[in-house]
Amino acid sequence: GFKYFHAVVSAFHGANLAQSGRAAEGIAVMQANVVTLRNVGSELLFTLIFAHLASALLAEERIQEGLTAIDDGLACVERNGERWAEAELHRLRGQLLAAGGMPEAVGAESSFQRALKIARGQGARAYELRAATDLAQFWAQHGKGRQAMSLLEEVFVAWTDGMRTRDLDRAREQLVGELSAAGRLDLLPGK
């Protein structure tokens, strides 16, 4: 009889389905539970739910739907002041725009930069790492390898040696690629 709690838990279950390779099923579960939560009259945690939904839509290459989910999430940020996943929403907007093609490239870069600024302002180091890695990857693809390397070094060295997460591994891989391209593997942190 607890519709709200069931819908929230189910929405996060949908996110887990999507992350485990069952994106289409996860998307359907998240979308259904967004409707349920709205019918209950709650938008609590919508920034995070919409971020997960946009990520799953990106994985399915459903770019326009992903951008709509981002817009819905950012509208919740403004309407409710819930800023928990605000940086992540901007980062995902950047990924969606970059996946959509070259005309949106400038929008992608500014979205990554905004995500980085918000994450830093909130002291959200995990979101900062993600935003910096995506921005560095974007820069590297657009001929700004030195800027990419500098940003990754700055963000990556703030993490404790030996810590392992998917995001840290991705950042390290990107940094190694940039340092290797510059012939400067000797600068690799922890080396």
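Below or above, wherever it landed, is the structure these notes cover.

Definitions and cut-offs
Residues numbered from 1 in each chain as written. Predicted model: local features only at pLDDT ≥ 70, side-chain atom pairs only at ≥ 80, totals over all residues. Heavy atoms only, no water. Salt bridge = Lys/Arg side-chain N within 4 Å of Asp/Glu carboxyl O. Helix = DSSP H or I, 4+ residues; strand = E, 2+ residues; numbered from the N terminus. Axes fitted to C-alpha atoms, helices over the stretch in contact; angles between N-to-C directions. Parallel < 35°, antiparallel > 145°, perpendicular 65-115°, else oblique. Left-handed = near helix turned anticlockwise from the far one by under 90°. Contact = heavy atoms within 4.5 Å. Nonpolar A, V, L, I, M, F, W, Y, C, P; charged D, E, K, R; others polar. Expected span 1.5 Å × (residues − 1). Buried < 20%, exposed > 50% of the residue type's maximum accessible area, 1.4 Å probe, protein only. Polar contact = N/O pair within 3.5 Å; in protein donor to acceptor, adjacent residues only side chain to side chain. 1 Å grid on protein atoms, 1.4 Å probe; cavity = no way out; pocket = protein on both sides within 12 Å on 5 of 7 lines; lining within 4 Å. Points joined across faces, edges and corners; volume = space filled by probe spheres on them. Arc of directions from axis to C-beta.

## Quick look at the pattern of salt bridges
Argument step 1. Summed over all chains, the structure comprises 15 salt bridges.
Argument step 2. The salt bridge partner of Asp 71 is Arg 93, with a shortest N-O separation of 2.9 Å. Placement of Asp 71 in helix α4 (residues 63-80) and of Arg 93 in helix α5 (residues 86-100) is noted, with a sequence separation of 22 residues between them.
Argument step 3. The structure contains a network of salt bridges with shared partners spanning Glu 88, Arg 91, Arg 130, Asp 134, Asp 167 and Arg 170.

## Let's talk about the packing of helix α2 (residues 23-40) against helix α3 (residues 46-59)
Argument step 1. Between α2 and α3, the shortest axis-to-axis distance is 9 Å and the interhelical angle comes to 150 degrees. One finds that α2 runs roughly antiparallel with respect to α3. Crossing angle aside, the handedness with which α2 passes α3 is left-handed. For the pair formed by α2 and α3, the contact residues are Ala 23, Ile 27, Met 30, Gln 31, Val 34, Leu 37 and Arg 38 on the first element and Phe 46, Ile 49, Phe 50, His 52, Leu 53, Ala 56 and Leu 57 on the second.
Argument step 2. Class assignment for the residues of the contact of α2 with α3 results in 11 nonpolar, 2 polar and 1 charged.

## Describing α3
Argument step 1. Here α3 contains 14 residues, and its C-alpha end-to-end distance of 20 Å stays within 8% of the 20 Å for a straight helix at 1.5 Å per residue.
Argument step 2. Here α3 lies mainly inside the structure; 11 of its 14 residues are buried.
Argument step 3. Tucked into the core, α3 has its buried residues touching α1 (3-19), α2, α4, α5 and α7 (125-141).
Argument step 4. Note on α3: the residue one or two positions beyond its end, Glu 61, has a positive phi of about 60 degrees.

## A look at the side chain of Asn 33
Argument step 1. Locating Asn 33 in the fold gives a position in helix α2.
Argument step 2. Side-chain polar atoms of Asn 33 contact the backbone oxygen of Val 29, separated by 2.8 Å.

## Quick look at the packing of α7 against helix α8 (residues 145-156)
Argument step 1. Packing of α7 against α8 brings their axes to within 8 Å, and their N-to-C directions diverge by 165 degrees. Regarding the angle of α7 to α8, the classification is roughly antiparallel. For the element pair α7 and α8, the recorded crossing hand is left-handed. Packed against α7, whose contacting residues are Glu 128, Leu 129, Ala 132, Thr 133, Leu 135, Ala 136, Trp 139 and Ala 140, the element α8 presents Gly 145, Gln 147, Ala 148, Leu 151, Leu 152 and Val 155 at the interface.

## Thoughts on the layout of surface pockets
Argument step 1. Quantified by volume, the largest pocket comes out at close to 560 Å³.
Argument step 2. In this structure, the largest pocket is lined by 19 residues; those nearest its centre are Gln 19, Ser 55, Arg 91, Arg 130 and Arg 166.
Argument step 3. Listing elements by their share of the lining of the largest pocket, those giving two or more residues are α1, α3, α5, α7 and α9 (166-181).
Argument step 4. When residues in the lining of the largest pocket are grouped by element, the largest group, 7 residues, is from α3.
Argument step 5. Residues of the lining of the largest pocket, tallied by class, amount to 9 nonpolar, 4 polar and 6 charged.

## A closer look at the environment of Glu 88
Argument step 1. Within the element layout of this structure, Glu 88 appears in helix α5.
Argument step 2. For Glu 88, a relative accessible area of 6% corresponds to the buried category.
Argument step 3. Between the C-alpha atom of Glu 88 and that of Glu 109, which follows or precedes it by 21 residues, the distance is 14 Å.
Argument step 4. With residues up to four places along the chain from it excluded, the contact list for Glu 88 reads Ala 51, Tyr 127 and Arg 130.
Argument step 5. A polar side-chain atom of Glu 88 sits 2.7 Å from a polar atom in the side chain of Arg 91.

## Quick look at α9
Argument step 1. Taking 1.5 Å per residue, 16 residues should reach 22 Å; α9 reaches 23 Å between its end C-alpha atoms and fits that length.
Argument step 2. Inspection of α9 places Leu 168, Ala 171, Gln 174, Leu 175, Glu 178 and Leu 179 among the buried residues, and these make up the whole buried set. The buried residues of α9 occupy an angular sector of 130 degrees when projected down its axis, which confines them to one face. Counted as exposed and oriented over 90 degrees from the buried face of α9: Arg 166, Glu 173 and Ala 181.
Argument step 3. Packed against the buried residues of α9 are α7 and α8.

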